[in-house]
Amino acid sequence: MAADRDRFSTATRIRALGEQAAARVYRAQTRRLRRPPRRSRLTGRAAVLALVVCSLIVALAYPLRQYVQQRAEVDDLRRQAEEERQRVEELRDAKARWQDPAYVERQARERLNFVRPGETGYILPGAAEDDSGDRLSTRGAPAARPWYENLWEGLDAADGADQR
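J.: I'd love a proper account of the overall build of the protein, names of residues and values included.
T.: A count of helical and extended segments in the protein gives 5 helices and 0 strands. When its helices and strands are written in sequence order, the protein yields α-α-α-α-α. Looking at the protein as a whole, 4% of its 164 residues are labelled buried. Surface accessibility of the protein: about 15700 Å² in total, with carbon and sulfur atoms responsible for 56%.

Okay, here's the thing in structure tokens:
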């Protein structure tokens, strides 16, 4: 009966429960340790595929950049060629105008102050200006002025540029 008492005593029961709990914890830990490690989502095939894709990107980056750059150069050259065609067309028009005797006569009258035989030409001093806006003397050359007037006019022009 003493053995039965020990078997059902509180201390014996607590000891048995403790041993059972310890055994459960030990089994859980060993199960966790024995469990095979989780496989990585990155498999060997996926790694090779990623390497191939990266290699293709690197291999195609430089030629693609060159292609884009050359396309920009081609577009720029086409634009320049079009501008040059327009300039050639303008020069052809000017050449055609200069082939016309009436146009040549008008330019000679305006630019060189030519007159026809029998006509009288008048040039007023201080009234004539050339294409650049400089005053002309009676002979068509720039009017002679003292150096200090040129200096003051240059300073006034420089001040006018700063105020704008």
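That was the structure; now back to the text.
J.: Kindly report on helix H4 (residues 101-112), identifying the contributing residues and their values.
T.: Between its first and last C-alpha atoms H4 spans 16 Å; for 12 residues at 1.5 Å apiece the expected length is 16 Å, and the two agree. Looking at the buried residues of H4, the elements they touch are helix H3 (44-99). Residue Asn-113 follows H4 closely and has a positive phi angle near 60°.

J.: I'd love a proper account of the packing of H3 against H4, names of residues and values included.
T.: In the contact formed by H3 and H4, the axes pass within 5 Å of each other and the chain directions differ by 90°. Judged on the interaxial angle alone, H4 and H3 are roughly perpendicular. Here H3 contributes Arg-97, Trp-98 and Gln-99 to the contact with H4, which in turn contributes Pro-101, Tyr-103, Val-104, Gln-107 and Arg-111. Tallied by class, the residues present in the contact of H3 with H4 amount to 4 nonpolar, 2 polar and 2 charged.

J.: Could you give an account of the pattern of salt bridges, with specific residues and numbers?
T.: For the structure on display, the rule yields 8 salt bridges. One salt-bridge network, held together by shared partners, links Glu-105, Arg-109, Arg-116 and Glu-119.

J.: Summarise the packing of aromatic side chains; cite the residues concerned and give the values.
T.: For the coordinates displayed, the defined rule picks out 2 aromatic pairs. Here Trp-147 and Tyr-148 contribute two aromatic rings whose centre-to-centre distance is 5.9 Å and whose plane-to-plane angle is 80°, an arrangement assigned as edge-to-face. Judged by its relative accessible area of 42%, Tyr-148 is partly exposed.

J.: Give a description of the side chain of Gln-107 that names residues and reports values.
T.: Within the secondary structure, Gln-107 is located in helix H4. For Gln-107, a relative accessible area of 8% puts it in the buried group. In contact with Gln-107, not counting residues within four places along its chain, are Trp-98 and Leu-112.

J.: Outline unusual backbone geometry, supporting the account with residue identities and numerical values.
T.: The residue Asn-113 is not glycine, and still its phi comes out positive at about 60°. In this structure, Asn-113 sits in the loop between H4 and helix H5 (147-163). Owing to a relative accessible area of 45%, Asn-113 belongs among the partly exposed residues under this scheme.

J.: Tell me what's going on with the confidence of the model for the protein, and back it up with residues and numbers.
T.: Across the protein, the average pLDDT comes to 81, with 76% of residues at or above 70. At the low end of the mean pLDDT range in the protein sits helix H1 (residues 2-8), at 58; at the high end sits H3, at 95. Scored below 50 in pLDDT, residues 137-141 makes 6 contacts in the model with residues more than four places away or belonging to other chains.

J.: Outline H3, supporting the account with residue identities and numerical values.
T.: Compared with an ideal rise of 1.5 Å per residue, which puts 56 residues at 82 Å, H3 spans 82 Å between its outermost C-alpha atoms and is within 8% of the ideal. At Ala-61, H3 shows its largest bend, some 30°, and a proline, Pro-63, comes one to four positions later.

J.: I'd like to hear about a nonpolar patch on the surface, residue by residue, with values.
T.: On the surface, Trp-147, Tyr-148, Leu-151, Trp-152 and Leu-155 cluster together to form a nonpolar patch covering roughly 610 Å² of accessible area. Turning to its location among the elements, Leu-155 is positioned in helix H5. We classify Leu-155 as partly exposed; its relative accessible area is 40%.

The rules behind each value
Residues numbered from 1 in each chain as written. Predicted model: local features only at pLDDT ≥ 70, side-chain atom pairs only at ≥ 80, totals over all residues. Heavy atoms only, no water. Helix = DSSP H or I, 4+ residues; strand = E, 2+ residues; numbered from the N terminus. Buried < 20%, exposed > 50% of the residue type's maximum accessible area, 1.4 Å probe, protein only. Areas by Shrake-Rupley, 256 points an atom, 1.4 Å probe, with all protein chains shown as cover. Expected span 1.5 Å × (residues − 1). Contact = heavy atoms within 4.5 Å. Axes fitted to C-alpha atoms, helices over the stretch in contact; angles between N-to-C directions. Parallel < 35°, antiparallel > 145°, perpendicular 65-115°, else oblique. Nonpolar A, V, L, I, M, F, W, Y, C, P; charged D, E, K, R; others polar. Salt bridge = Lys/Arg side-chain N within 4 Å of Asp/Glu carboxyl O. Phe/Tyr/Trp six-rings, centres within 6.5 Å; stacked < 30°, edge-to-face > 60°. pLDDT = per-residue confidence, 0-100. Bend = angle between axes of the 7 residues up to and from the residue. Patch = residues over 30% accessible without salt bridge, like charges linked within 9 Å, V, L, I, M, F, W, Y side chains within 5 Å.

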